[in-house]
Amino acid sequence: MIDSRNTVRDSLAGVRVRLRASFFRSSSSFRQCLLWLACAAGVLVGMSVVVSSSSSGNRRRVLSGGDRRVGQRQQQRSRLPHMRPGVGYIEATGGQESEFQKQQKDFKANAQQYTASLPMIQRSLPSVVRKTMKAHQGPVYTIKFDASGEYIMSAGEDRYIYLWNVQDGSLVKKFPIMHNAEIVDLLVSEDRTTFISAGADGQVLMWDTLRGVVKRRFRGAKGKINCIAWNKDQSILACGGEDGNVYVWDIQAPTNFPIQIFSEAHEAVSAIFIDQPILASSSLDGRLRVYDVRTGKILVRGFDSALSSACISKDRRMFVVGSLDDTLRLLDRETGDELMVYRGHSNRAYRLKSQLAWDNSILMSPSEDGKICFWNVVTGQLKHSVSHGDSVVLCAEPHPKFNTMVTAGADGIIKYWVAQKFRR
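Every chain begins its residue count from 1, and numbering advances along the sequence as written. Predicted model: local features are reported for residues with pLDDT of at least 70 only, side-chain atom pairs are reported and counted for 80 or more only, and whole-chain, interface and lining totals are derived from all residues. Side-chain metrics in this entry use all non-hydrogen atoms of the structure; hydrogen atoms and water are not considered.

Asker: Looking at this model, I keep getting lost on the pattern of salt bridges. Mind explaining?
Answerer: Should their charged atoms come close, side chains of opposite charge can pair. Only one rule defines a salt bridge in this text: a Lys or Arg side-chain nitrogen within 4 Å of an Asp or Glu carboxyl oxygen. Taken as a whole and assessed by the stated rule, the structure comprises eleven salt bridges. With a closest N to O distance of 3.2 Å, K144 and D185 form a salt bridge. Taken as a pair, K144 in strand β5 (residues 140-145) and D185 in strand β9 (residues 183-188) lie far apart in primary sequence, 41 residues in all. The two residues K144 and D185 agree in class, both being buried. Strands here are runs of E lasting at least two residues and helices are runs of H or I lasting at least four, both read from the DSSP assignment and numbered beginning at the N terminus. Between buried and exposed lies partly exposed: a residue is buried under 20% and exposed over 50% of the maximum accessible area for its type, with that area taken using a 1.4 Å probe on protein chains only.

Structural data, given as structure tokens:
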């Protein structure tokens, strides 16, 4: 009798092992069938259940009996293949090629077809300094225009936040120090009533612009924060940290803690942006990760160098990523194909934010040699550059409406640039 019980128990154990192996090798539809069969047989009691999305379809939760975060990171690292420049996305799950990559067309034909549809407007580029603003004691790490383009906010190493009128260069308001370390990024709301600051002390603060006080603190982020972003209607806030995590908050929710934390990056997150239903992040491990909250998929695009920046175009069809090898790349959003490469600036050590300015026909980026560079998006040629000074230019922000910009850097000086006639 005992031998019979042992035989039955061993058989069930073998079935359990085989079912588990089949479960993880199968497709998503077949997984569900096996899961129902296993539950009916009663052999998968205690197994962790991964819920890919909540009832709203915008959150993922992992219900597990133990903390497997370290193990999952190690498995993820081993699954990621070496990805060469010029190829598209790889799905993070299973390390298999995505359908996009299997069906991708010849790179040159794809690039020509794609960039031919972009507007190429004869425009004047910023080249003359109209106003110079000086108040910061130390490097300025971030500058942001308001929606009207009449005002800018700046912050940096001295932990002060300044509000400026760019037309006359006057200081409108100085906000008190609330961070315990340098401020690395700012966001200004559409109505200008609130703004958000993020610091190297791990704090993410929401301010009342008129009263100059902090009215909310977003908690849960650990360690230094490198960047923040929100969605179009400014209801979802995300930040990227030095710990490799992306923290996501629901601004409209009563809680101040994250509703989601993405921990796939192996090194610091350098940039993030949100274009629902996707959230994308770049990191120093040389990966651009695109999270689709509808499907729960993570698409990964690999590069040979650490990524220092990433942004999305205004028409939402292209990504631009910058890497610490003096290179910018234009990518197709859907496939991850490399459409164009831009060189001519210097970026080896700093997190320099590049972006497609104005009508998407111009790519602009600060440079570590004190310049701001402008490229023709279609041809990839460096068409224009201006010198901010001898020190590193840490930020360059285009005006939301006109062909002007503001720049700042390690010298602590903010410059407002206007355009003259520019000939190609």
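On we go.
Asker: I would appreciate a short explanation of the pairing of strand β28 (residues 382-387) in the present structure.
Answerer: Across five bridges, strand β27 (residues 371-376) lies against β28 in antiparallel orientation. Each bridged residue has a counterpart across the sheet, and for W375 the counterpart in β28 is L382. For two strands to be treated as a pair, DSSP must find at least two bridges joining them. Between the end of β27 and the start of β28, which pair antiparallel, lie five residues, with G380 showing a positive phi angle near 80°.

Asker: Looking at this structure, I do not really get the sheet that holds strand β7 (residues 161-165). What am I missing?
Answerer: Strands in a sheet are paired, the pairing made by backbone hydrogen bonds, and the direction either parallel or antiparallel. Taken together, four strands build an open sheet; the order of strands is β5-β6-β7-β8 and the sheet is antiparallel. The open sheet is flanked by β5 and β8 (170-175), the only strands paired with a single partner. Adjacent strand axes in the sheet meet at a mean angle of 20°, parallel and antiparallel pairs treated alike. Sheet topology places strand β6 (residues 151-156) next to β7; five bridges connect them, and they run antiparallel. Each residue of the ladder has a partner; that of M153, found in β7, is L163. Interaxial angle, 0 to 180 degrees, is taken between N-to-C directions of lines fitted to C-alpha atoms, where a helix line uses only the stretch in contact.

Asker: Sorry, what's going on with the environment of L394 here?
Answerer: Take L394: it is sitting in strand β29 (residues 393-398). For the pair L394 and P139, spaced 255 residues apart in sequence, the C-alpha separation works out to 8.2 Å. With residues up to four places along the chain from it excluded, the contact list for L394 reads P139, V140, Y141, Y350, R351, L352, P366, A408, G409 and A410. We call two residues in contact when some of their heavy atoms are within 4.5 Å.

Asker: How do you make sense of the pairing of strand β31 (residues 413-419) when you look at a structure like this?
Answerer: The two faces of the sheet receive side chains in turn, since in a regular strand these alternate between them. Burial of β31 is extensive: five of the seven residues sit out of reach of the surface. Strand direction decides the pairing type here: strand β4 (residues 126-134) and β31, joined by seven bridges, are antiparallel. Each residue of the ladder has a partner; that of T132, found in β31, is K415. Where strand β30 (residues 405-409) lies against β31, four bridges are found, and the strand directions are antiparallel. For A408, the partnering residue across the bridge sits in β31 and is I414.

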